[in-house]
Amino acid sequence: MSDGSSIPVSARKPLSPAAQRALAEADARRQAAAGAKPPPKEVQGPKGLEPTRYGDWESKGIASDF
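What comes next concerns the included structure. In this text the structure is predicted, and so the values were computed from the model without any measurement.

A tally of helices and strands in the chain yields two helices and two strands. Helices and strands in the chain line up, N terminus first, as α-α-β-β. Each of the 66 residues in the chain was classed as buried or not, and the buried ones make up 5%. Accessible surface computed for the chain: about 6600 Å², of which carbon and sulfur atoms make up 58%.

This brings us to helix 1 (residues 17-35). Spanning 19 residues, helix 1 covers 27 Å between terminal C-alpha atoms, matching the ideal 27 Å at 1.5 Å per step. Across the 19 residues of helix 1, one count as buried, placing the element largely on the outside.

What counts and what doesn't
- Residues numbered from 1 in each chain as written.
- Predicted model: local features only at pLDDT ≥ 70, side-chain atom pairs only at ≥ 80, totals over all residues.
- Heavy atoms only, no water.
- Helix = DSSP H or I, 4+ residues; strand = E, 2+ residues; numbered from the N terminus.
- Buried < 20%, exposed > 50% of the residue type's maximum accessible area, 1.4 Å probe, protein only.
- Areas by Shrake-Rupley, 256 points an atom, 1.4 Å probe, with all protein chains shown as cover.
- Expected span 1.5 Å × (residues − 1).

By themselves these figures say nothing about function.
Right under this line is the structure:
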């Protein structure tokens, strides 16, 4: 089985206009993400692991599951 890297570029099927647009948009998103600043730190948020990810929330000693 081949991973496709052995096919020379000149022998590949030409990309459709939609595929070319998608590649251009993906490249633009990558460049925008590389230049973006990180999100601000949360103030007065929960300590420890992210509660929405692990399924429970604790506030003032009372825990609730969802």
